[in-house]
Amino acid sequence: MSLVCGLLAIACAAACAWGIVLLQARTYLLQYLFFTRYALAAALALVLLPAHRLLGLTGFIGNLFKPGTAELAVLTTIAIVVAWTISFTFGLLYLGIPGRCKLGFIRFPGAEARDPELTNPIPEWLASAAPVVGALPALPVILVAAFGSPEEWDGPVTGVLLGLIGAALFYLFFIRLKWGERILGVIVHFFAELALVKPVVTHVKSMPRVQRLVEGYTIKERRHLRHLNHLSGWAYLVLIVVLYGMVGWIAAPPAISTMVPPLAFVLLLIALLGLLLNGLAFLLDVTRIPVLPVLIAISWGLAMVCDSDHTYPIGPAGSEAPAPFGPAEAIGSWMETHSPKDCPVPVFIAASGGGIRAATWTATVLSGLRGDGEIGDRFSRSIVLLSTVSGGSVGAMYYLDAYEGGEPTTDWRARDAIGRAQSSSLSAVTWGLTYPDFWRMTVPPLIPARIDRGWALENRWRDRMVHPDATLSGWRRDIQAGRRPVVIFNATVVETGDRLTISPIDAPLPDKTGQKATHDRVNDSTTFRRMDFQSLYGHRDLDVVTAARLSATFPWVSPVTRPDSDTLSPGVLYHVGDGGYFDNEGMVSALEFMKEVLKPLGRDKVLLVRILDAPPPTTPEARDHRGWIYSLAGPLLAMLNVRTASQRVRADDEVETFKAYWGSRCVDVVVVRFILGTEASMSWHLTRKEQADIAWEWAESVKDSIDLDADDEILRLNGESLRNLRKALR
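A. Local environment of the overall build of the chain. A count of helical and extended segments in the chain gives 32 helices and 12 strands. Split into buried and exposed, the 730 residues of the chain put 50% on the buried side. Nonlocal contacts in the chain, meaning residues at least 24 apart in sequence, comprise 80% of its contacts between residues at least 6 apart. Just so you have it, the chain exposes about 35,000 Å², and 65% of that area is on carbon and sulfur atoms.

B. View of a nonpolar patch on the surface. Where nonpolar side chains cluster on the molecular surface, the patch consists of Leu162, Ile165, Leu169, Leu172, Phe173, Leu177, Trp179, Ile183 and Ile187 and spans about 810 Å² of accessible area. Within the residue set of the nonpolar patch, elements represented by two or more residues are helix 10 (154–176) and helix 11 (179–192). For the nonpolar patch, the element with the most residues is helix 10, which contributes five residues. Assignment of secondary structure puts Ile165 in helix 10.

C. The arrangement of the side chain of Ser425 in detail. Of note, Ser425 is situated in the loop between helix 21 (411–422) and helix 22 (426–434). Leave out the neighbours within four places in its chain, and Ser425 touches Leu457, Arg460, Trp461, Arg464 and Trp684.

D. Looking closely at the packing of helix 15 (residues 262–284) against helix 16 (residues 291–305). Running from amino to carboxyl end, helix 15 crosses helix 16 at an angle of 115°, the nearest separation of the two axes being 10 Å. With respect to helix 16, the element helix 15 is oriented roughly perpendicular. Across the interface between the two elements, Leu277, Leu280, Ala281 and Leu284 from helix 15 touch Val291, Leu292 and Leu295 from helix 16. Taken together, the residues of the contact of helix 15 with helix 16 sort by class into seven nonpolar, no polar and no charged.

E. Summary view of the confidence of the model for the chain. When pLDDT is averaged across the chain, the result is 83; 85% of the residues are at 70 or more. With pLDDT under 50 throughout, residues 510–515 is counted as low confidence; its partners more than four residues away or in other chains account for 13 contacts. Counting interchain partners and residues more than four positions distant, the pLDDT-below-50 stretch residues 521–528 has 14 contacts.

F. Summary view of the pairing of strand 3 (residues 383–389). Counting buried residues in strand 3 gives seven out of seven residues, a clear majority hidden from the surface. Relative to strand 3, strand 2 (residues 347–351) runs parallel, the two sharing five bridges. By the bridge assignment for strand 3, Ala351 is matched with Thr388.

G. Up close: the packing of aromatic side chains. Taken as a whole and assessed by the stated rule, the structure comprises 22 aromatic pairs. Look at Phe348 and Phe593: their rings are 6.4 Å apart centre to centre, the planes differ by 55°, and that puts the pair in the tilted class. Of this pair, Phe348 sits in strand 2 while Phe593 sits in helix 29 (residues 587–601); the two residues are 245 residues apart in sequence, bridging distant segments of the chain. Both residues of the pair, Phe348 and Phe593, count as buried. Through successive ring pairs, a cluster of aromatic residues spans Trp84, Phe88, Phe170, Tyr171, Phe174 and Tyr236. The residue whose ring lies beneath Arg37 is Phe34, and the NZ or CZ to ring-centre distance is 4.1 Å. Over the ring of Phe282 we find Arg100, and its NZ or CZ is 5.7 Å from the ring centre.

H. Inspection of helix 3 (residues 37–48) at higher detail. Its 12 residues place the ends of helix 3 16 Å apart at the C-alpha level, agreeing with the 16 Å of an ideal helix rising 1.5 Å per residue. Every buried residue of helix 3 is listed here: Arg37, Tyr38, Ala39, Ala42, Ala43 and Leu46. Buried residues in helix 3 make contact with helix 2 (29–35), helix 5 (69–101), helix 9 (139–148), helix 15 and helix 16.

I. Expanded view of the nonpolar core. Among the nonpolar cores identified, the biggest contains 76 residues, and Phe379, Ile502, Leu607, Phe674, Trp684 and Leu725 are the most heavily contacted of them. If you look at the next biggest cluster of nonpolar residues, it comprises 64 residues, including Leu239, Leu426, Tyr435 and Ala456.

J. Broad picture of the pairing of strand 2. Within strand 2, five of the five residues are buried, which leaves it mostly tucked inside the rest of the structure. Covered by surrounding structure in strand 2 are Val347, Ile349 and Ala351 together with Phe348 and Ala350, the residues of both alternating faces. With five bridges connecting them, strand 2 and strand 11 (residues 605–612) associate as parallel partners. What sits directly across from Ala350, in strand 11, is Arg610.

K. Geometry of the pattern of salt bridges. Counting across every chain of the model gives 23 salt bridges. Arg462 is the partner of Glu458 in a salt bridge, and the nearest nitrogen-oxygen pair spans 3.6 Å. Of this pair, Glu458 and Arg462 both sit in helix 24 (residues 453–462), four residues apart, which is roughly one turn of the helix. Notably, a salt bridge pairs Arg549 with Glu458, separated by 2.9 Å at the nearest N-O pair. On the criterion of sequence distance, the pair formed by Arg549 in helix 28 (residues 544–551) and Glu458 in helix 24 is long-range, its members being 91 residues apart. An identical accessibility class is assigned to Arg549 and Glu458; each is buried.

L. Fine view of the environment of Ser387. Examined against the element boundaries, Ser387 turns out to sit in strand 3. When the C-alpha atoms of Ser387 and Val486 are compared, they prove to be 8.4 Å apart, with 99 residues separating the residues in sequence. Leave out the neighbours within four places in its chain, and Ser387 touches Ile349, Ala350, Ala351, Ile488, Asn490, Glu585, Gly586, Ser589 and Ala590. Only 3.0 Å separates the side chain of Ser387 from the side chain of Asn490, close enough to count as a polar contact.

M. Focus on unusual backbone geometry. The phi dihedral of Arg288 is positive, around 65°, even though this residue is not glycine. With respect to the secondary-structure elements, Arg288 resides in the loop between helix 15 and helix 16. For Cys666, which is not glycine, the phi torsion reads 65° and is therefore positive. Looking at where Cys666 falls in the secondary structure, it is placed in the loop between helix 30 (627–663) and strand 12 (668–675).

N. Spatial organisation of helix 29. Given a rise of 1.5 Å per residue, 15 residues ought to cover 21 Å, and the 20 Å separating the end C-alpha atoms of helix 29 matches this to within 8%. When the local axis directions of helix 29 are compared, the greatest deviation, roughly 30°, occurs at Lys595. Most of helix 29 is tucked away, with 11 of its 15 residues classed as buried. Restricting attention to buried positions, one finds in helix 29 the residues Met587, Val588, Ser589, Ala590, Leu591, Glu592, Phe593, Met594, Val597, Leu598 and Leu601.

O. Spatial organisation of the side chain of Thr364. Secondary-structure assignment places Thr364 in helix 18 (residues 355–370). A residue is classified by how much of its surface remains accessible, and Thr364, at 6% relative accessible area, is buried. Of note is the side chain of Thr364, whose polar atom sits 2.6 Å from the backbone oxygen of Thr360. With residues up to four places along the chain from it excluded, the contact list for Thr364 reads Ile418, Ile694 and Trp698.

P. The arrangement of the environment of Ile314 in detail. In this structure, Ile314 sits in the loop between strand 1 (311–313) and helix 17 (327–337). The class for Ile314 is buried, based on a relative accessible area of 13%. Once the C-alpha coordinates of Ile314 and Arg562 are considered, the two residues, 248 residues apart in sequence, prove to be 9.9 Å apart. Setting aside anything within four residues of it in sequence, one finds Ile314 in contact with Phe533, Arg540, Asp541, Leu542, Pro563, Asp564, Ser565 and Leu568.

Cut-off values and rules
- Residues numbered from 1 in each chain as written.
- Predicted model: local features only at pLDDT ≥ 70, side-chain atom pairs only at ≥ 80, totals over all residues.
- Heavy atoms only, no water.
- Helix = DSSP H or I, 4+ residues; strand = E, 2+ residues; numbered from the N terminus.
- Buried < 20%, exposed > 50% of the residue type's maximum accessible area, 1.4 Å probe, protein only.
- Contact = heavy atoms within 4.5 Å.
- Areas by Shrake-Rupley, 256 points an atom, 1.4 Å probe, with all protein chains shown as cover.
- Patch = residues over 30% accessible without salt bridge, like charges linked within 9 Å, V, L, I, M, F, W, Y side chains within 5 Å.
- Salt bridge = Lys/Arg side-chain N within 4 Å of Asp/Glu carboxyl O.
- Axes fitted to C-alpha atoms, helices over the stretch in contact; angles between N-to-C directions.
- Parallel < 35°, antiparallel > 145°, perpendicular 65-115°, else oblique.
- Nonpolar A, V, L, I, M, F, W, Y, C, P; charged D, E, K, R; others polar.
- pLDDT = per-residue confidence, 0-100.
- Pairing = 2+ DSSP bridges.
- Phe/Tyr/Trp six-rings, centres within 6.5 Å; stacked < 30°, edge-to-face > 60°.
- Lys NZ or Arg CZ within 6 Å of the ring centre and 35° of its normal.
- Expected span 1.5 Å × (residues − 1).
- Core = buried A, V, L, I, M, F, W, Y, C linked by side-chain atoms within 4.5 Å.
- Polar contact = N/O pair within 3.5 Å; in protein donor to acceptor, adjacent residues only side chain to side chain.
- Bend = angle between axes of the 7 residues up to and from the residue.

Have a look at this one:
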């Protein structure tokens, strides 16, 4: 089969090459492909947007294409308008190149080569069918979004029909009646006729260099192509800029509109870039100035001159350092308010990362155990530690945010954390990517350092919190009073690859603490086990939602970021990445904490709960005939795959070693695992079906805790874990 596919690929490539050779003999195909490169790239980007399944990115961006009815209507209209914009730009370039570059498309000898109607023909039937033909690039996006919609069949049909009506109204008023062109023409004529402006315009027009520069901007009018002119092009640009700005303003945090589908931001950016790059290319190609390399060089230069780093805010240093409060002090405070009679078995929890899937599963497990009829109250009171990573940090944040007076006051409040954890934040991410982060890359000085997609994501999460202004220092006081379990948000230091622990309590570094340890490490090449936020930054405060976001710096979804501080030494302003790079389960920090507290705790039994967002990866069959492409990609694939495999094996081995060590010291470490067995997206959006599947997974696990003969291996393991947990806490 592989041999047949390879031969077919060779045959197709040969046929395409031969076709290009034949066409190039009769036309200037390659030259026109170059002149229209940005229009073609925009069309290709629009057509290939739904190719995420072919690229294996379903878990990352697949839910971009699962809109509701209202979102689909907006998406359909915007997609068609963007497709028309790209098609119009292509047509305008096709007609303008002969006058601008003195090169017709079809090769003609002699005087005929100077007649654009001969060299660059457009049949009348094609002009008449332009609304349909021009909308074709939007078809893949609309179809994939319609078929991917979680609504019943009438929902997508209604959404597409409403979107088509919106596109038809746009065509009627903007293209057919030329409202945009007429309004812009009146404005241009008004300013051009002003007494102070008219002489200047006349003088500039008469300058030879200006005449050469604007040569080709006047296109010979054709009866069936009257809408293809540069004034209409400016009208399109103004329209897209207005749409882009208006949608960005409506959807700006914190009140991100749910009516605007996340994909709409991307589509509008494609249209805007297509118009700007094509306009610059049409202007500068004749001067041999390369547009994109120059823009990239300017952007790079501005980034080097201006500080365009992504930053996050931290509080100022206190007048005096607080008293040390590490694991030993935290367990002491907990023991004062939790007697062995009420909480005989302390609970330690590690929650893995995995985007919104992990956030929802973590909140579901914690809330489900809190609401368990047999051990709910005892479980919630017995929690000593939550060590969390990435999406697990977000789910744990919402669960702990519901604490009042030592525990979630009611069962419904704990369950409400599930709704907060599974609510979509994808619009915040795409808004941040296509607005502040895009313009930060283009013109860094204009965008504040803190305004980015991470900031937008934080605002979205904060808006759902019971206590949106919660800080690490506030949670530290609660832990000191024994009213809240310790939480460790695990992240990764980008510059060193070290684990960064972000927690309300202190986690002293071996032998040395704080910035001195970091400086000594840089100067003497010494090593230590981790970096800790509290000691590294002198007990400066941090919002809880910011701490969770730093732990959940999902690759490219959130930017790596550093503290925004003028008082700290620049040498310790490290960039922070997702905690899953170092340890995607938070097990290293959990076991490290337990090692510090089990001896002073003095209990003969403790419970370690592992919340995993996915089962162990399956082993695929080896395949041959991968060729040189696989040889090139192999090292990258191995690096990506080994992270998951090695972390899971390491965590399992560390837990078994830890159990054996403390078992020999008469401490029984009971380990239970709750594994999510259903497929769900990791991007910050879950469909209603995915939400229901995760809820069903937990409900079936509860059911299987009674009947351990379940057919599904994951459900059976979860049921057995729940049964063991109940037994340990009774």
